[in-house]
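Here is how the chains run, residue by residue.
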Amino acid sequence: MQQKQTDEDLINEVLAGHTQAYSELVSRHQRFVFSLAMRFAKKREDAEEIAQDCFVKAYKALGTFQGSSKFSTWLYTITYTTAMSFLRKKRLETDSIDDEGNNIQLESKVSDFNANLAERRSTGYWLNRAIDQLTPDDAMVINLFYKGEQSLEEISIVLNMDPNNVKVRLHRARTRLKEKLQFLLKDEVKELL
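Treat the numbers as computed from the prediction; the structure is a model and nothing was measured.

Draft legend 1. Here's a closer look at the pattern of salt bridges. Tallied over the entire structure, the rule returns six salt bridges. A salt bridge links Glu24 to Arg28; its shortest N-O distance comes to 3.0 Å. With a gap of four residues between them, Glu24 and Arg28 both fall in helix α2 (residues 21-41), about one helical turn apart. Judged by its relative accessible area of 24%, Arg28 falls in the partly exposed class. Glu48 serves as the salt-bridge partner of Arg44, at 3.2 Å between the closest nitrogen and oxygen. Placement of both Arg44 and Glu48 in helix α3 (residues 44-60) is noted, with a separation of four residues, approximately one turn of the helix.

Dropping the structure here:
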């Protein structure tokens, strides 16, 4: 029985000229990279563009990967910087209609009515909806810690911050997430009554 190759083994193969091994790295990490990109972009097309840019950048910079952290941490750092650059460029092109201070959320009532009722009641649905209402930085730290299973030290590398600052940011993001969930679920209870 053949053992599954580690990310580092695949990187070494790619660097040795076996570029097909990179497709295995992409398939291992594409879902999470895409979900992180989606947290920033909100539109599927934009998230796909960000994810594709991340993998292209990672491939070009693969020779600079030193292995001092996990490959996933290095890749998520690229995802974070690519997403932030994308958003800055996008903000320059358009004016935002979101008023973050008042948390104005524009939603299509048609899509709410078409949503699957079972999905709407699921925990994952409400959790994702609450995360969507967080700032991109808060959503990133929540996703990296819980969905990406990254340690505080690994997140500190991704965000280029001190681990203690990451711990504080994570705590504050959890508090804001809790507030968003309480607000959303309060409305859900009203809908059920």
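Draft legend 2. Geometry of helix α9 (residues 152-159). Of the positions making up α9, those classed as buried are Glu154, Ile155, Ser156, Val158 and Leu159. Downstream of α9 by one or two residues, Asn160 has phi in the positive range, about 55°.

Draft legend 3. Summary view of the environment of Ala139. Assignment of secondary structure puts Ala139 in helix α8 (residues 136-147). A relative accessible area of 0% means that Ala139 is categorised as buried. Note: C-alpha distance between Ala139 and Leu170 (31 residues apart in sequence) is 9.6 Å. Those residues in contact with Ala139, other than ones at most four positions away along the chain, are Arg39, Ile131 and Leu134.

Draft legend 4. Expanded view of the nonpolar core. By size, the foremost hydrophobic cluster in this structure holds 49 residues, and its most contacted members are Tyr22, Phe71, Tyr76, Val141, Ile142 and Leu144. Listing elements by their share of this core, those giving two or more residues are α1 (7-15), α2, α3, α4 (71-93), α7 (123-132), α8, α9 and α10 (163-192). When sequence neighbours within four positions are dropped, the list of residues in contact with Val141 reads Ile155, Leu159, Val166, Arg169, Leu170 and Ala173.

Draft legend 5. Representation of the packing of aromatic side chains in the model. Summed over the entire model, instances satisfying the criterion amount to seven aromatic pairs. Judged by centre distance (5.0 Å) and plane angle (65°), the ring pair of Tyr22 and Tyr59 falls under edge-to-face. You can see Tyr22 sitting in helix α2 and its partner Tyr59 sitting in helix α3, a full 37 residues away along the chain. Overall, the relative accessible area of 8% leaves Tyr22 in the buried class. Note on Tyr59: relative accessible area 36%, which makes it partly exposed. Summarising the aromatic geometry, the rings of Phe145 and Tyr146 are spaced 4.9 Å apart at their centres and angled 85° between planes, so their arrangement reads as edge-to-face. Here Phe145 falls in the partly exposed class, since its relative accessible area comes to 25%. Judged by relative accessible area, Tyr146 falls into the partly exposed class, the value being 45%. Here the aromatic residues Phe65, Phe71 and Trp74 are joined through ring pairs into a cluster of three or more.

What counts, and at which threshold
- Residues numbered from 1 in each chain as written.
- Predicted model: local features only at pLDDT ≥ 70, side-chain atom pairs only at ≥ 80, totals over all residues.
- Heavy atoms only, no water.
- Salt bridge = Lys/Arg side-chain N within 4 Å of Asp/Glu carboxyl O.
- Helix = DSSP H or I, 4+ residues; strand = E, 2+ residues; numbered from the N terminus.
- Buried < 20%, exposed > 50% of the residue type's maximum accessible area, 1.4 Å probe, protein only.
- Contact = heavy atoms within 4.5 Å.
- Core = buried A, V, L, I, M, F, W, Y, C linked by side-chain atoms within 4.5 Å.
- Phe/Tyr/Trp six-rings, centres within 6.5 Å; stacked < 30°, edge-to-face > 60°.

Nothing here speaks to function; it is all geometry.
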